[in-house]
There are 2 protein chains.
Amino acid sequence: MPPGPLVYSSLPLAFLQSCHAIALLQTQRRFVAVHIEARTMKIESVDFYYLSMPEVLDIGDGSQDALLVRVAAGEHVGWGECEAAPLVSIASLVCPMSHSACKPVEASVLGQTIDSVDDIRKIGNLVRTNSLDLLQADHTFSGIDIALWDFLGRRLGEPVWKLLGYNKCFGKMPYASVLFGDTANETLLKAKTIVKQGFRAAKFGWGKFGLTSVEDDRAQLHAAREGLGQDGILLVDAGTVWNTDVDAARARLKVLKEVRATWLEEPFVSGALSEYHMLSMESAPVGLAGGEGCHNFHMAKHMIDLAGLQFIQIDAGRIGGITIAKDVADYAVAKGVTYVNHTFTSNLALSASLQPFAGLESHTICEFPTELKSLAMAMTKNHIVPDDNGILHVPDAPGLGIEPDLQGIGPYLVESEIRVRGKQLYKTPPLR
Amino acid sequence: MPPGPLVYSSLPLAFLQSCHAIALLQTQRRFVAVHIEARTMKIESVDFYYLSMPEVLDIGDGSQDALLVRVAAGEHVGWGECEAAPLVSIASLVCPMSHSACKPVEASVLGQTIDSVDDIRKIGNLVRTNSLDLLQADHTFSGIDIALWDFLGRRLGEPVWKLLGYNKCFGKMPYASVLFGDTANETLLKAKTIVKQGFRAAKFGWGKFGLTSVEDDRAQLHAAREGLGQDGILLVDAGTVWNTDVDAARARLKVLKEVRATWLEEPFVSGALSEYHMLSMESAPVGLAGGEGCHNFHMAKHMIDLAGLQFIQIDAGRIGGITIAKDVADYAVAKGVTYVNHTFTSNLALSASLQPFAGLESHTICEFPTELKSLAMAMTKNHIVPDDNGILHVPDAPGLGIEPDLQGIGPYLVESEIRVRGKQLYKTPPLR
């Protein structure tokens, strides 16, 4: 955990100590409602649903499968989502204990009290202690943490961003997040389409970018700039393609400056702090962006402190959920680094990714995947779409403000089963 | 990956380029043998065997289960071991692809060429790229990397430490690695037993240490010192008990100095670089030790560079295998930090953990778990034991020099099965 002063620096201590204080600020009806809720609730179930497109393609599109999480206590539920590798996160939820610091994730969640935001942090700390040697646990718990925030928001009738301590949430400028085209011309057409859709910013990433020649990349980048027009905000995602090769990244700086890219994202893997820092010394005015690979607060802190980043990108579905993502947002504010969400799956994950910086007025830009597979759209009844001015608004509704579509999900449900010593440890639970 | 100059700095480039050069140094008979082997081999199978004690206790003893790894190509095999959470690593071996950077680990291993040490690094790089977003992959591949080194050593008739570029291997002084007793008196008796067994060093860890009062810890530490005698080397493992709480750790420094502890291990979680560094400013002459939680080269590099460590402890079964562990050993040498193995399971894992620093004469101390459960002893036909002078020797035999005992393993085999969409993705393979 981060040191005291960094934790929820924008959240009054009294608020953390008793979430029920919210009730006092509400109308009589709401107060009654919250009064009824004031009894202690214990988490009764954690259900994981593995969803997938019928065919998963070998492309950098994270919307091809999903792991939907449902937590329940009493008559209340909350929904969340883990990022990537559903089967592995399922296994880490239910696996037999290896030793005292390698327990299945559910062992630290089931039966725990869930009455306040403080309880969510307590549960997360418990998971990190009891599953210290279970590497996958951070990804697995991320979806549970998200579901617990949704649960608490629904139960208390408040949007998550309010429970996080924000009094107001601010519209974000979405960038259309798409893959590079196979050819420069395809990228040009994608960029033009994005402009027609009303976006003022676009991010191109993955595909062959960085893998072939600097000249190929130059053609791709100029095509993107041409398609976006001179005023469009152009962002570039290298997807860790150069691993730790500073020279390979450096070779692209000239053209990135030519096309006035706002940022170069993930030139290297998340741990390559010194390589990031070396590149940052030469990249201005192109900023460096990164952080989606961080799976705990410390990794993000190190990237903010040591990698020369201008933008820290956090996936709430990986870093340990909304709780840790908010810690990072607070730390980014303190250090003058801009927080940006990372998300590439459903609108449930999108809402979760937006909550941690919903109340940061000057952190305006946000990721908004626009080439989602049908699964990601079918997963929820409602969707987050830009308004007429192209601005994205975090839902002003209880919890995450996104309703799973159980009927829509049905066709994508992947029946799975894990048996150990003849005993069924996991079987896809019924959708409910 | 680490930058070029750090990779195998002690390994001649020509050696890396062609492992078959070894053959030229061998006798005619060996040359013929290697000549026969010089044909290109592709990895045909990767088998994971989940082993466990009938009952796993809620204590900090990592020898209660194991994940044994077998790789095979042609008539050759190699054996390795992944650290902790066998079911989760099994799932990450065989899970369906989520997207291009989240593939099952076996997708980057099966069918790959395995003729030289260079091939092992290539396969590891492929896994890290293709399974970038699969968090568990580092732990999973660790066991495979270990098995590939064993495979290559057996195939070429050389111990792994020679393939790593060491000309000579040096005896290590083992410390008996045990859990604190439930009471100070129990710890006293454990320490006396250790001395009787011929050990000159002992590490006490986990249990209630750090969880109750400073006075309780004081009693435990003085009991350990009394039992070891004034000349014994006393090491203390806090097992991350204080998470990031520098004050809690600081409160134990006085007594750690009183009992002349050589190191304090893992006061904090691996990512807490600044907290480690703060404590290190006050801890001398007690050194700080840590690093077992590192699951890639970068994390270990950051701990060496930024945490004020005197000792970097690497578990080859977590960090990405022997390949990455050797990178860390090279880096530790360059930075004047002492490399120590971390291991707490079978003698196969012990041998793997020793190889990366087998040739470092001045890095003498090594972990040697002495309270292994029957599973860990039954897993191998031969065992690594200290000589009459209490010195441990890395096996001077092909590969890891440890022979799995398939008959001994049988009773501990945990039959497991994973089914997705009705298709069996994993079933415990036959022992062979």
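How each quantity is defined
- Throughout this document, residue positions are counted from 1 along each chain, in the order its sequence is written.
- All chains are assigned letters beginning at A, and all ligands numbers beginning at 1, according to the order in which they are written.
- A pLDDT threshold of at least 70 governs which residues receive local features in this predicted model, and a stricter bar of 80 or more applies before side-chain atom pairs are shown or counted, although totals over entire chains, interfaces and linings include all residues.
- Remark: hydrogens and water are excluded; side-chain values derive from all non-hydrogen atoms of the structure.
- Should any heavy atoms of two residues lie within 4.5 Å, those residues are counted as being in contact.
- Joining two parts hides part of their accessible area as seen by a 1.4 Å probe, and the buried area is that hidden amount summed over both.
- Throughout this description, the term salt bridge denotes a Lys or Arg side-chain nitrogen within 4 Å of a carboxyl oxygen of Asp or Glu.
- Pairs of N or O atoms within 3.5 Å make up the polar contacts considered here, provided that, within protein, one atom can donate a hydrogen while the other can accept it, and that residues adjacent in sequence are counted only when both atoms are side-chain atoms.
- Strands are runs of DSSP state E lasting at least two residues, helices are runs of H or I lasting at least four, and both sets are numbered from the N terminus onward.
- Under the grouping applied here, Gly and all other residues not named as nonpolar or charged are polar, the nonpolar ones being Ala, Val, Leu, Ile, Met, Phe, Trp, Tyr, Cys and Pro and the charged ones Asp, Glu, Lys and Arg.
- A pair of strands is considered paired only if DSSP assigns at least 2 bridges between the two.
- Only protein chains enter the accessibility calculation, which uses a 1.4 Å probe; a residue whose area is less than 20% of its type maximum is buried, one above 50% is exposed, and one in between is partly exposed.
- All axes here are fitted lines through C-alpha atoms, helices being fitted over the stretch that makes contact, and every angle between N-to-C directions spans 0 to 180 degrees.
- Orientation labels follow simple angle bins: below 35 degrees gives roughly parallel, above 145 gives roughly antiparallel, 65 to 115 gives roughly perpendicular, and whatever is left gives oblique.
- The copies are overlaid by a least-squares fit using only the C-alpha atoms of residues whose pLDDT is at least 70 in both copies.

A. Fine view of the interface of chain A and chain B. At the junction of the two partners, chain A supplies 65 residues and chain B supplies 65 residues. A combined buried area of about 4900 Å² lies between chain A and chain B, and 59% of that area is made up of carbon and sulfur atoms. Applying the counting criterion to the chain A and chain B interface returns four salt bridges. The shortest N-O distance in the salt bridge between Lys103 of chain B and Asp58 of chain A comes to 3.1 Å. The tally of links from chain A across to chain B stands at 24 residue pairs in polar contact (both at pLDDT 80 or more). For the side of chain A that touches chain B, the elements supplying multiple residues, two or more each, are strand E1 (45–52), helix H4 (86–94), helix H6 (137–156), helix H12 (273–283), helix H13 (297–306) and strand E12 (416–420) of chain A. Here the residues of the side of chain A that touches chain B sort into 32 nonpolar, 20 polar and 13 charged. Inspection of the sheet shows E12 of chain A paired to strand E12 (residues 416–420) of chain B by five bridges, in the antiparallel sense. Following the sheet pairing, Val420 of chain A is matched in E12 of chain B by Ser416 of chain B.

B. Just the pairing of strand E11 (residues 365–369) of chain A, in detail. Residues and elements named next belong to chain A. Counted residue by residue, E11 has five buried out of five residues, so it is predominantly covered. Burial of E11 is two-sided: the residues Ile365, Glu367 and Pro369 facing one way and the residues Cys366 and Phe368 facing the other way are all buried. By the bridge criterion, five bridges tie strand E4 (residues 173–179) to E11 in an arrangement that is parallel. Pairing of Met173 across the sheet is with Ile365, part of E11.

C. Representation of the pairing of E12 of chain A. All names here are of chain A. When you tally the buried positions in E12, you get four out of five residues, the bulk of the element. Looking at chain direction, E12 and strand E13 (residues 423–427) are connected through four bridges and run antiparallel. Paired with Glu417 across the strands is Lys427, a residue of E13. Taking the residues that link successive antiparallel strands as the turn, the E12-E13 hairpin has two residues, and the phi of Arg421 there is positive, at about 50°.

D. Expanded view of the packing of H4 of chain A against helix H4 (residues 86–94) of chain B. It is at 8 Å that the axes of H4 of chain A and H4 of chain B come closest, and there the two elements cross at 170°. Judged by the inter-axis angle, H4 of chain A sits roughly antiparallel to H4 of chain B. Of H4 of chain B, the residues touching H4 of chain A (which contributes Leu87, Val88, Ala91 and Ser92 of chain A) are Leu87, Val88, Ala91 and Ser92 of chain B.

E. Quick look at the relation of the copies chain A and chain B. Relative to chain B, chain A is turned by 180° and slid 0.0 Å along the rotation axis, the superposed coordinates differing by an RMSD of 0.0 Å. Accordingly, the operation relating the two chain copies is best matched by a two-fold axis. Counting the interface residues of chain A, we find that 100% of their copies in chain B are interface residues as well, pointing to one common contact surface.

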